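Secondary and tertiary structure notes
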Amino acid sequence: MVAFCKDVDVEARLERQLTTGEAEYIDGKIAEAQALVVGYMGCGETPYATVADVPATVTIVTSRIVARVIEQKADTTAGTFGADQISNNVGPFGRQVSFSQGSRTNAPWLTKADREALNPYACSSKAFAVDTVGSGVTHADTCAINLGAGYCDCGAEYAGFPIFGS
């Protein structure tokens, strides 16, 4: 599979070089971020044949996802990554950390801005239309409820006349 971004792309988002510890796990974080991007775009496992085919926006979004994970990990203490709420009590020295369902415990995530940036590169549509007036409707098309049967599904056959339309 063609990588959507490299270490240098992540460093460009971070505006600094990776630490030795970060460099050890960067490949795994890039793979996780790329899996999210591929899943969102709906283009299959290998949407691009070569590195040159990967759009710059896809590279930026993928590297931004990884940089976000690194930044948040650096800003939190052990056991609090992805926490929604942290409470420290003075007496008798208690601490409560709350995580919501689906919290980001050291995993990459797509933001609304990421999804908006990736939308032009999506391979599958997000909306579709269904033709509700099939062929063979024997009364007004305004009924628009024929679901492919040989008769109208709006109830006209029970009433003896078209219920909707003229």
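Rules of the game
- Residues numbered from 1 in each chain as written.
- Predicted model: local features only at pLDDT ≥ 70, side-chain atom pairs only at ≥ 80, totals over all residues.
- Heavy atoms only, no water.
- Disulfide = S-S within 2.5 Å.
- Helix = DSSP H or I, 4+ residues; strand = E, 2+ residues; numbered from the N terminus.
- Salt bridge = Lys/Arg side-chain N within 4 Å of Asp/Glu carboxyl O.
- Buried < 20%, exposed > 50% of the residue type's maximum accessible area, 1.4 Å probe, protein only.

Let us look at the state of the cysteines. Overall, the coordinates contain one disulfide when judged by the stated rule. Two residues, C43 and C123, share a disulfide whose sulfurs are 1.9 Å apart. Between C43 and C123, the S-S dihedral sits near 95 degrees, and the bridge is therefore right-handed. Here C123 lies in the loop between helix 4 (112–118) and helix 5 (156–159) and C43 lies in the loop between helix 2 (20–41) and helix 3 (56–74), a separation of 80 residues in the sequence.

A separate point is the pattern of salt bridges. Under the definition given, this model contains four salt bridges. R16 serves as the salt-bridge partner of E22, at 2.8 Å between the closest nitrogen and oxygen. Since its relative accessible area comes to 8%, E22 is described here as buried. What makes R16 partly exposed here is its relative accessible area of 32%. Here R68 makes a salt bridge to D114, at a shortest N to O gap of 2.5 Å. Remark: D114 occurs in helix 4 and R68 occurs in helix 3; sequence separation between them is 46 residues. Accessibility expressed as a relative area gives 0% for D114, which makes it buried. Connected through shared salt-bridge partners, R64, R68 and D114 make up one network.

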